[in-house]
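Survey of secondary and tertiary structure
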Amino acid sequence: GGIEKAAEEVRVALAAGFDTTSHTLAWALWHLAAEPRWNEREAIPLVVKETLRLYPAGWVGSRVAARPFEVDGVVHPAGRLVFYSPWLTHRDPELWRNPSRYDPGRFESRPKPWSYIPFSAGERICLGMHMANLMLHTALAPFAGGRLRAVSGDTTPRTGLTLSPQGPLIVETT
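1. Notes on the overall build of the chain
- Of the regular secondary structure elements, the chain holds four helices and eight strands.
- Counting from the amino terminus, the chain carries its helices and strands in the arrangement α-α-β-β-β-β-α-α-β-β-β-β.
- Overall, the C-alpha framework of the chain stretches about 55 × 50 × 30 Å when taken along its three principal axes.
- Relative to its 174 residues, the chain shows a buried fraction of 33%.
- For the chain, the share of sequence-separated contacts (at least 6 apart) that also reach a separation of at least 24 residues comes to 63%.
- Carbon and sulfur atoms make up 59% of the accessible area of the chain, which totals about 10,800 Å².
- The chain carries 19 positive and 17 negative side-chain charges, and their two centres are separated by 2 Å.

Okay, here's the thing in C-alpha cells:
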C-alpha cells in the first residue's frame, strides 16, 4: 500500500544521503589534512563547496529534453534522453581556472551560472541538497582549527551509482 511505498522511499533517500555525504566528508577531511590553512570554522562553507565541485556524488545525470535543442550544429528533438555530468562540468577549464586543483578560495566569489551543479539545478534539483549541506557542515565543525594528518588512502574516484573514493581514506587528528 501507500504507507509501505512511502517508507521505502524514505529508506532509499536516507541510504542515498548517507553514502554520498560520507564519501564527501571523507574527501573533505583528506584535503583538509593536506591543506590545513582551510581548516577553520569560517572556511567550512568554502571547503564543502570545493569538495562537492571536485567530487560530486551525482557525477552523471539524465534528463528528457522538453524541447528541441542544438549542440555543435546537431539538432536534437524533444523527448530525447540527454546525459549531463557535473564531474565534467566542474573540471572544464573554460569554466574553472586550474580545475583539477583543490582550492576552496575559488568560492569566495560567485561561480559562473550553471558551472557548479553538484546537486543538479533547476526544477529537478536534488531534494536532499539542504540536508547534505547541513550534515557536512555539522560533521566538519568539530575538526575546525584542529590538526589533521592523512594516514593512508586512495583518493582515485570510483564511479558507480555515486562517486566514491577507491578505498578508505584514513585521517587522524594530531
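2. Considering the nonpolar core
- With 27 residues, the main nonpolar core has Leu32, Trp38, Val47, Val48 and Leu140 as its most contacted residues.
- Contributions of two or more residues to this core are made by helix H1 (2–34), helix H2 (44–54) and helix H4 (129–140).

3. Brief notes about the environment of Arg149
- Looking at where Arg149 falls in the secondary structure, it is placed in strand S5 (residues 148–152).
- Judged by relative accessible area, Arg149 falls into the partly exposed class, the value being 40%.
- When the C-alpha atoms of Arg149 and Leu29 are compared, they prove to be 9.1 Å apart, with 120 residues separating the residues in sequence.
- In this view, Arg149 contacts Ala33, Ile170, Val171, Glu172 and Thr174; residues no more than four positions away in its chain are not counted.
- Side chain to side chain, Arg149 and Glu172 meet in a polar contact 2.7 Å long.

The rules behind each value
Residues numbered from 1 in each chain as written. Predicted model: local features only at pLDDT ≥ 70, side-chain atom pairs only at ≥ 80, totals over all residues. Heavy atoms only, no water. Helix = DSSP H or I, 4+ residues; strand = E, 2+ residues; numbered from the N terminus. Buried < 20%, exposed > 50% of the residue type's maximum accessible area, 1.4 Å probe, protein only. Contact = heavy atoms within 4.5 Å. Areas by Shrake-Rupley, 256 points an atom, 1.4 Å probe, with all protein chains shown as cover. Lys, Arg positive; Asp, Glu negative; His and termini not counted. Charge placed at Lys NZ, Arg CZ, Asp CG, Glu CD. Core = buried A, V, L, I, M, F, W, Y, C linked by side-chain atoms within 4.5 Å. Polar contact = N/O pair within 3.5 Å; in protein donor to acceptor, adjacent residues only side chain to side chain.

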